[in-house]
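# Per-entry structural report
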Amino acid sequence: MTANARNPPHQVGLQYIRSLEKHRNPPPPPPPGGNGRRANPIRGPHSALTDFLATHNISANQIRQDANARRAAALASQAAATAENGNDGDEDGAASPTDEPPRPRRRHESKAQESRRRIEEEKAIAKIKASKQFKRRRTLGEIEDSEEEDEAARAIFEESMAPLPAQMGNCEICDKRFMVTAYSRRGPDGGLLCPECTRELDQEEGVSRKRRKVAQGKQRRKIQSDLLDGIYPGAKDLVTLCVETLAKNVQDAEDFGDLPAPLVGRLSGILSKKRLMNSDTLNLFLRPGSDSIVVYDGAYLKPDDYIRIFQIVPTVKTLRLRNAVQFKNKVMDHLLGSTVTLENFSIYGANLIDDERWNRFLNEKGSHLKSLKVYWTDGHFGDEQIELLPQACPDLQSLKIMHNQKVTDGGLAHIAKLVEIKHLSLMITNAQNTTSSKPYVEILNGIGPGLRTFCLDRIQDIDDSVLDAIHENCQSLAKLRLTDNEQMTDAGFAKLFTNWYNAPLNYINLSKCRHREASEPRENENDIGFCSQGFEAMMAHSGSALKYLSIASCRHISLQSFESVFAANRKYLELKKMDVSFCQQVNDFVVSSIFRSCPNLKELIVFGNFGVKDVKVPKGKILIGMPNALGMQIEGARNDDDEGMVI
């Protein structure tokens, strides 16, 4: 009996079909060294159909490509028949003005292949234009004219036809097979490029792209630098443009002529910032007959350059030198031997002048001094020199001693004898013998009623007794700075500003007056530092006249205090600059309330406040320190009503 007699005809046909399927898709061989079972390569949350196709090595992308190939072959045969019958149709051969420009042929592609590819692309693009999604985009106004319609349709087509990452594809330029990745670059026609062609194209465009990127980075850094310098975005005035142009071409200048002193000072600041103040450029600032010389960065100047200042400008009355490291004993000896009589002397970083020269300077030139500011003298200018001040400088009105390591409580007590003093600023950095509250209380009891400025920096060990002395003795203060303290309490600050007979202050800096405990940084049971009560009392006393306020790192001011101080019915018309950095309760609402209550505010600093995320800045104001990469957004800086300008 034959096989057909043993099995029905429909079973024979079914067996034949199964044999064909088995021949077409043979099962994968078992792994070497295994037990003969086929490993299951399925991973991840896939559907049952996806798992079935994956186990039988069936790729959906391959099916789509095969179908496109069949359609292309059918379209190519139709196009060939149409081309044979329609060669005589257009005698002039002129193209329609609406036809697209011919797309370049790919490498290793014949004319017939190119024709078939273009016909297939046109068919697919026409199908995309007829889709509901594309029509919806046209209805919403995303696509305006026919040219944009063609570009959008072709972009969708190229995106859909591109192989996915981890699949093989052909390079658009060299037609080479390569593995597609997420970083594969598209070519001029929208296709993907192999690594070699991508590298060649990057080399061709690298110079212009890198130049554009560097220019954008420089522009962004320039804007941020200007903001920190107080230069606001927008058109600059003519004077500023002239000064900046002169600073850029200072090597070609011979003389500043009759420029006023404020403009000369601005030029000195620009040149010092660019490290261009040297022996040659210094000559431009040495104008005979001048009474003021300001050098913001003298790091490149030599001792002979400082001597030349007194030789060319013997009439100088105000001398301000920063980073004057080379202002040594040699220069001081020349000053003592000259006829120069300084009235305002400010020197920064001259730590090579010994105590003997300072004593001679105070005894011989101190009778004319009205202002003396000494910075960073390290182990010089100590108690001995401060003791000489009441007798040697009877007319001294301003004294500033900063970053000094030799002054002690005994030397500070002599400052109370300077009866004419109006401006006092001290920062003593003597690590071995820190200053206490007692000498500061004596100073305030002696000269407090006449003080206009009182500044103490890095006063870690000073307590509320100093605040009480300020409250009782000072009645003419306009500027108060008490920074970096962890002994004063919130109750002491509240008492200072409550029922104080002093007029409202113009300048207040109470930064870093806070409780510091590494184990529990947010806990402050004893209200150490400048907290909520002191903040509310300060704004109630001086808010009407305050122009500058810094409460940076005063992190124990509550959100309720900020909302109460900057409520809708509170206005602070004189406030121009404010620093609330590292105040953890500051958020978008607080910043918006500050801008509302301070209509004339120009600059607000919010470094370290991560609650500030998406605040809109009114036009004409600057918000510095946004904790994101985008920066601040200014409302009304463009013509659009809903969009601002990002800086």
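Residues numbered from 1 in each chain as written. Predicted model: local features only at pLDDT ≥ 70, side-chain atom pairs only at ≥ 80, totals over all residues. Heavy atoms only, no water.

### Examining the overall build of the protein chain
When helices and strands are tallied, the protein chain shows 22 helices and 18 strands. Relative to its 647 residues, the protein chain shows a buried fraction of 39%. Carbon and sulfur atoms make up 50% of the accessible area of the protein chain, which amounts to about 37100 Å² in all. (Helix = DSSP H or I, 4+ residues; strand = E, 2+ residues; numbered from the N terminus. Buried < 20%, exposed > 50% of the residue type's maximum accessible area, 1.4 Å probe, protein only. Areas by Shrake-Rupley, 256 points an atom, 1.4 Å probe, with all protein chains shown as cover.)

### Observations regarding a negative patch on the surface
A grouping of Glu-517, Glu-520, Glu-523 and Glu-525 is seen on the molecular surface, where their side chains present a negatively charged patch. Locating Glu-525 in the fold gives a position in the loop between strand S11 (507-509) and helix H20 (532-542). Residue Glu-525 is classed as exposed on the basis of its relative accessible area of 74%. (Patch = residues over 30% accessible without salt bridge, like charges linked within 9 Å, V, L, I, M, F, W, Y side chains within 5 Å. Salt bridge = Lys/Arg side-chain N within 4 Å of Asp/Glu carboxyl O. Lys, Arg positive; Asp, Glu negative; His and termini not counted. Charge placed at Lys NZ, Arg CZ, Asp CG, Glu CD.)

### Observations concerning the confidence of the model for the protein chain
With 76% of its residues at a pLDDT of 70 or more, the protein chain has an overall mean of 81. Note on residues 1-6: pLDDT under 50 across the span, and two contacts to partners over four residues away in sequence or across chains. Contacts for the low-pLDDT stretch residues 636-646, under 50 throughout, to residues beyond four places or in other chains number 18 contacts. (pLDDT = per-residue confidence, 0-100. Contact = heavy atoms within 4.5 Å.)

### Considering the pattern of salt bridges
According to the stated counting rule, one finds 15 salt bridges in the structure shown. Residue Asp-355 is joined to Lys-406 by a salt bridge in which the shortest nitrogen-to-oxygen separation is 2.3 Å. Here Asp-355 is found in helix H14 (residues 355-365), whereas its partner Lys-406 is found in the loop between strand S7 (398-404) and helix H16 (409-412), with 51 residues between them in sequence. For Asp-355, a relative accessible area of 14% corresponds to the buried category. The partner of Asp-457 in a salt bridge is Arg-481, and the shortest N-O contact between them spans 3.0 Å. Residue Asp-457 is found in the loop between strand S9 (453-456) and helix H18 (464-473), and its partner Arg-481 is found in strand S10 (residues 479-482); the two are separated by 24 residues along the sequence. Like Arg-481, Asp-457 is buried.

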